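Descriptive analysis of the structure
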Amino acid sequence: MPNINVNGINLFYNDEGPKDAPVLVLSHSLFFDHKMFAHQIEHLSKTIRVVSYDDRDQGQSARSELKSVGMDTHTNDAIALIEELDLEPCFFAGNSMGGFIALRLAARRSDLLKGCIVLGSSGELEYKLADFSPLVEGLGAQGTAPFIDTLMYIMFGDNYLADDSRESEREYWRDHMLKLGTDIARSADGVIHRTGVLEELQGCKVPMLVLAGEQDHAYEVPLSENITKTVANGQMFVIPKAGHSVALEQPEIVNRYIADFISSHSL
């Protein structure tokens, strides 16, 4: 699989689908990697060029020397990746942390985008900072193992956690999180100490699709509503029986929304 050097760091990426088709870039959530979009890659790459990547300090991408990996750093990495791979103008979709990146791209580099897709995310300051700060400190000191049940609850909805038919997939991601080292705290610190971006998004004309999980334990539905109210050309849908990892938990519904959105804005 290919790597690309952007902003002084090597990022792993995956590129599938017709090269002359509309381009969709996928940006994953904290604690995951590009494989959280496996369902989207498999389905959408039949007719769309799908580029997914691992953020710095996560997945198969290189580790940095930063004490905290902030959203501006991730956004600048995404900008450089899009430009280096000549993907512009593209559709950019992000879940949670990836959504923070997507919103900053829409606000700051609208020239790179045909559309922005935000899943399980927020344009605001972290309103659960008092809850998440001790967790991030614990991750930096002890790794993920002592907190794995808390992480699973934050990252997934009730239905997904209770669904026996998803046990294998669920255990894959539990094991993935258990293998994360203490350095994941650097990215987690950047997530919870992010700045708000709603003011930058006032009147943003980039077409925007906002998808919120009905059972999101991290960022409830009103936070997604606030994004849609702020931008000039946004639409929002609540995904039933989905938690924070919307694209992973309800892939068929999400795939349909994304495909329709891209089809509507590809001309």
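So, here's what we can say about the structure.

Re unusual backbone geometry
In this model, Glu-88 is joined to Pro-89 through a cis peptide bond whose omega is -10 degrees. On the secondary structure map, Pro-89 appears in the loop between α2 (71–84) and β5 (90–95). If you check the backbone angles, Phe-31 has positive phi at about 80 degrees while not being a glycine. Within the secondary structure layout, Phe-31 lies in the loop between β3 (23–27) and α1 (38–44).

Description of the side chain of Asn-14
Among the secondary structure elements, Asn-14 is positioned in strand β2 (residues 9–16). A distance of 3.0 Å separates a polar atom in the side chain of Asn-14 from a polar atom in the side chain of Glu-16.

Details of the nonpolar core
Counting residues in each nonpolar core, the largest one holds 53 residues, and the members touching the most others are Leu-24, Phe-31, Phe-32, Phe-156 and Met-177. Of all hydrophobic cores here, the second largest spans 36 residues; its members include Phe-92, Ile-101, Ala-106 and Val-118.

Here's the deal with empty space enclosed by the protein
Applying the stated criterion to the full structure yields one cavity of 30 Å³ or more. Looking at the largest cavity, it is lined by 18 residues, and the ones nearest its centre are Leu-30, Phe-31, Phe-132, Ile-154 and Val-191. Every element with two or more residues in the lining of the largest cavity is listed here: α4 (129–142), α5 (148–155) and α8 (184–192). Residue contributions to the lining of the largest cavity peak at four residues, all from α4.

Quick word on helix α3 (residues 97–108)
An ideal rise of 1.5 Å per residue puts 16 Å on 12 residues; α3 measures up with 17 Å between its terminal C-alpha atoms. Burial analysis of α3 places 10 of its 12 residues in the buried class, the great majority of the element.

What to know about the environment of Lys-179
Residue position: Lys-179 is located in the loop between α7 (167–178) and α8. Placed 35 residues apart in sequence, Lys-179 and Thr-144 show a C-alpha to C-alpha distance of 7.7 Å. Side-chain polar atoms of Lys-179 contact the side chain of Asp-175, separated by 3.0 Å.

Some remarks on the environment of Ile-258
Within the secondary structure layout, Ile-258 lies in helix α12 (residues 251–264). In this structure Ile-258 comes out as buried when scored by relative accessible area, which is 1%. Setting aside residues up to four positions removed in sequence, Ile-258 forms contacts with Leu-24, Gln-40, Leu-44, Ile-117 and Leu-209.

A closer look at the pairing of β3
The element β3 is largely enclosed, with a buried count of five among its five residues. Here β3 shows two buried faces, one formed by Val-23, Val-25 and Ser-27 and the other by Leu-24 and Leu-26. Here β3 runs beside strand β4 (residues 49–53); their pairing, made up of five bridges, is parallel. Looking at β4, one finds that Leu-26 is bridged to Ser-52. This β-α-β element, β3 to α1 to β4, shows right-handed connectivity. By the bridge criterion, four bridges tie β3 to β5 in an arrangement that is parallel. Counted as the bridge partner of Leu-24 is Phe-91 from β5.

Conventions we followed
Residues numbered from 1 in each chain as written. Predicted model: local features only at pLDDT ≥ 70, side-chain atom pairs only at ≥ 80, totals over all residues. Heavy atoms only, no water. Helix = DSSP H or I, 4+ residues; strand = E, 2+ residues; numbered from the N terminus. Polar contact = N/O pair within 3.5 Å; in protein donor to acceptor, adjacent residues only side chain to side chain. Core = buried A, V, L, I, M, F, W, Y, C linked by side-chain atoms within 4.5 Å. Buried < 20%, exposed > 50% of the residue type's maximum accessible area, 1.4 Å probe, protein only. 1 Å grid on protein atoms, 1.4 Å probe; cavity = no way out; pocket = protein on both sides within 12 Å on 5 of 7 lines; lining within 4 Å. Points joined across faces, edges and corners; volume = space filled by probe spheres on them. Expected span 1.5 Å × (residues − 1). Contact = heavy atoms within 4.5 Å. Pairing = 2+ DSSP bridges. Right-handed = clockwise from strand over helix to strand, strands pointing away.

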